[in-house]
Amino acid sequence: MLLDRASLRLNWMDDMAKATLVELYDSVEYSDELSLNSEGPFVISGFGESAIKIEGDNFARLQSLTNLLSAPALLEGGPSKIAVDDAIIRSCRIALEQGNGAGVLWLDEWLGRPLEDWTIGRSIRGHFPVSPLQVGRSEIHTSLPESFNLTEDSAQRMLLSTVHLPIIFTIVGAKDADAAIRRGLDIIEESLSVLALMDQHASHRHAVAYFPIGHRAGFRTGSDENFTIRFASTLDDSPIEGLHKAAATTANARSDWQGRALSAARWYRKASNTIWPAESLSASMTALESVIIKDFTTRHKGTAIADFISPKLSVAGMDAGSMHSWIKGLYQRRNEAVHNGVDYLEDIEVEKLLAVVDRVTRWASDHLNQSHGHSSRRGPCQTFDEAHTWK
């Protein structure tokens, strides 16, 4: 069915999306005799006489529309692909009952909804001297905030009653739950990376399952970080105040060095929280690249990283020459693991590398502190060049 698209006054769909949507409407119908057998992928929505099966060309149209109309969660707050997929199918029902124009208008209005505020949180383990504790754009609470108890949703109240304390949460703007979760957890993960540097004795425990024959079996699941913050009532006066303030700003408002230091902290935390040595090695080297390699024009990155670290740091009693060779060798192993799929199994070597990454990440964080510098030049570094001038 052809539509007078100008008269519909659409704001959120281009001509390609509208044309594809109408093609989908024209070929979708209700059916109470749906088969689960299909030569290709399909979607079934509803039951009985109100069921719709989308397959073949229609499935391709649905996928095309989903890709056209969804938006990145972190950049724009959605809508997510999951939400768009559901909305398109709902608009098909409206089109079947009220006509194509009604379906198109409903979907266009749905796409134009403003961002809503969502509270996203998760439980963490740790001891915190004050509550709430602001970390970047997140807050840590040792008891449920009063505002959480105001919800009228019985399911949400039941869910909140099962939450293990402490919790860390943030408030984000998003168009649907999936986009909100992605956006919120990204902020929370960044905040936890800052917190991990605050606690020099953060515990990183991995999922363990063991059943030795003839002995008592034990089982524990889930990677579990345990934070102990002993003396800070606010991170504004802590050794990582600059990193905390960087995390409190949005990504597009950060300086070059703020972005690099936060990236290094996130990669370091990722390297610390995996049991797989190859993943830890890769994440460790990425953390080092964030604050040691200026840009993509730097050749022989392993050598450049070794040149920077070997005169300054030592692990396991290695001298500068041994450190240089060791780091270059590990960077080569990283390349083999990432590019050639060669597994890396030397977990003891990775543990030694993590000690180096810890020192370098803290060095990068220190350059963001207000107290950084000397009498003639004091304050946070803004750029790569500034940080590397004040070594």
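Figured I'd write up the structure that's included with this text. (Residues numbered from 1 in each chain as written. Predicted model: local features only at pLDDT ≥ 70, side-chain atom pairs only at ≥ 80, totals over all residues. Heavy atoms only, no water.)

1. With respect to the overall build of the protein chain
Condition: Every helix listed is a DSSP run of H or I at least four residues long, and every strand listed is a run of E at least two residues long, numbered separately from the N terminus. Pairs of residues are marked as contacts when any of their non-hydrogen atoms sit within 4.5 Å. Computed by Shrake-Rupley with a 1.4 Å probe, the accessible areas treat only the displayed protein chains as cover when residues are assessed.
Across its full length, the protein chain holds 15 helices and 13 strands. Taking as baseline every contact in the protein chain between residues at least 6 positions apart, the subset at least 24 positions apart corresponds to 63%. Looking at the protein chain as shown, the accessible area adds up to about 21100 Å², and 51% of this sits on carbon and sulfur atoms.

2. Side note on the pattern of salt bridges
Cut-off, in case you're wondering: We count a salt bridge whenever a side-chain nitrogen from Lys or Arg sits within 4 Å of a carboxyl oxygen from Asp or Glu.
Tallying each qualifying case throughout the model produces 16 salt bridges. Of the charged contacts in the structure, one is a salt bridge between Glu190 and Arg137, with a shortest N-O distance of 3.4 Å. Of the two residues, Glu190 sits in helix H8 (residues 177-198) while Arg137 sits in the loop between strand S5 (133-135) and strand S6 (138-141), which places them 53 residues apart along the sequence. Asp385 is the salt-bridge partner of Lys294, the closest N and O atoms lying 3.1 Å from each other. Here Lys294, found in the loop between helix H11 (277-292) and helix H12 (301-309), pairs with Asp385, found in helix H15 (residues 384-389); they are 91 residues apart in sequence, far enough to count as distant.

3. Brief notes about unusual backbone geometry
Quick note on the threshold: Buried means the residue's accessible area, taken with a 1.4 Å probe over protein chains only, is under 20% of the maximum for its type, while exposed means over 50%, and partly exposed covers the values in between.
Pro132 follows Ser131 through a cis peptide bond whose omega is 5 degrees. By the secondary structure assignment, Pro132 is in the loop between strand S4 (125-127) and S5. A cis amide bond links Leu165 with the next residue in sequence, Pro166, at an omega value of 0 degrees. Examined against the element boundaries, Pro166 turns out to sit in the loop between helix H7 (154-161) and strand S7 (167-174). For His300, which is not a glycine, the phi torsion comes out positive at approximately 55 degrees. Inspection of the secondary structure assignment puts His300 in the loop between H11 and H12. You can call His300 exposed: its relative accessible area is 59%.

4. Section: the sheet that holds S7
This is how it is decided: Each pair of strands is called paired provided DSSP finds at least two bridges between the two strands. To obtain an axis, a line is fitted to C-alpha atoms, over the contacting stretch when the element is a helix, and the angle between two such axes runs from 0 to 180 degrees between their N-to-C directions.
Strand order across the open sheet formed by four strands is S3-S7-S6-S5, with antiparallel pairing between neighbours. Strands at the two margins of the open sheet, each flanked by one partner only, are strand S3 (116-123) and S5. Adjacent strand axes in the sheet meet at a mean angle of 30 degrees, parallel and antiparallel pairs treated alike. With three bridges joining them, S6 and S7 adopt antiparallel strand pairing. If you follow Ile140 over to S7, its bridge partner there is Ile168. Contacts from H8 reach S3, S5, S6 and S7, with the element oriented near 135 degrees to S7.

5. Some thoughts on the pairing of S6
Of the pairings in the sheet, the one linking S5 to S6 comprises three bridges and is antiparallel in character. When the bridges of S6 are listed, Gln134 appears paired with Glu139. The turn joining S5 and S6, which pair antiparallel and follow one another in sequence, is formed by two residues; a positive phi near 60 degrees is taken by Gly136.

6. Description of the packing of aromatic side chains
The condition that has to hold: When two rings of Phe, Tyr or Trp (its six-membered ring) have centres within 6.5 Å they constitute a pair, described as stacked for plane angles under 30 degrees, edge-to-face for angles over 60, and tilted for the intermediate range. Two thresholds decide whether a charge sits over a ring: the Lys NZ or Arg CZ must be within 6 Å of the ring centre and within 35 degrees of the ring normal.
Tallied over the full model, the rule gives three aromatic pairs. Each ring, one from Trp257 and one from Trp363, has its centre 5.7 Å from the other, and the planes form 85 degrees; the classification is edge-to-face. Of this pair, Trp257 sits in helix H10 (residues 256-272) while Trp363 sits in helix H14 (residues 347-366); the two residues are 106 residues apart in sequence, bridging distant segments of the chain. Comparing Trp257 with Trp363 shows no difference in burial state: the two are buried. Through successive ring pairs, a cluster of aromatic residues spans Trp257, Phe308, Trp363 and Phe384. We note Lys53 situated over the ring of Phe42; from NZ or CZ to the ring centre the distance is 4.8 Å.

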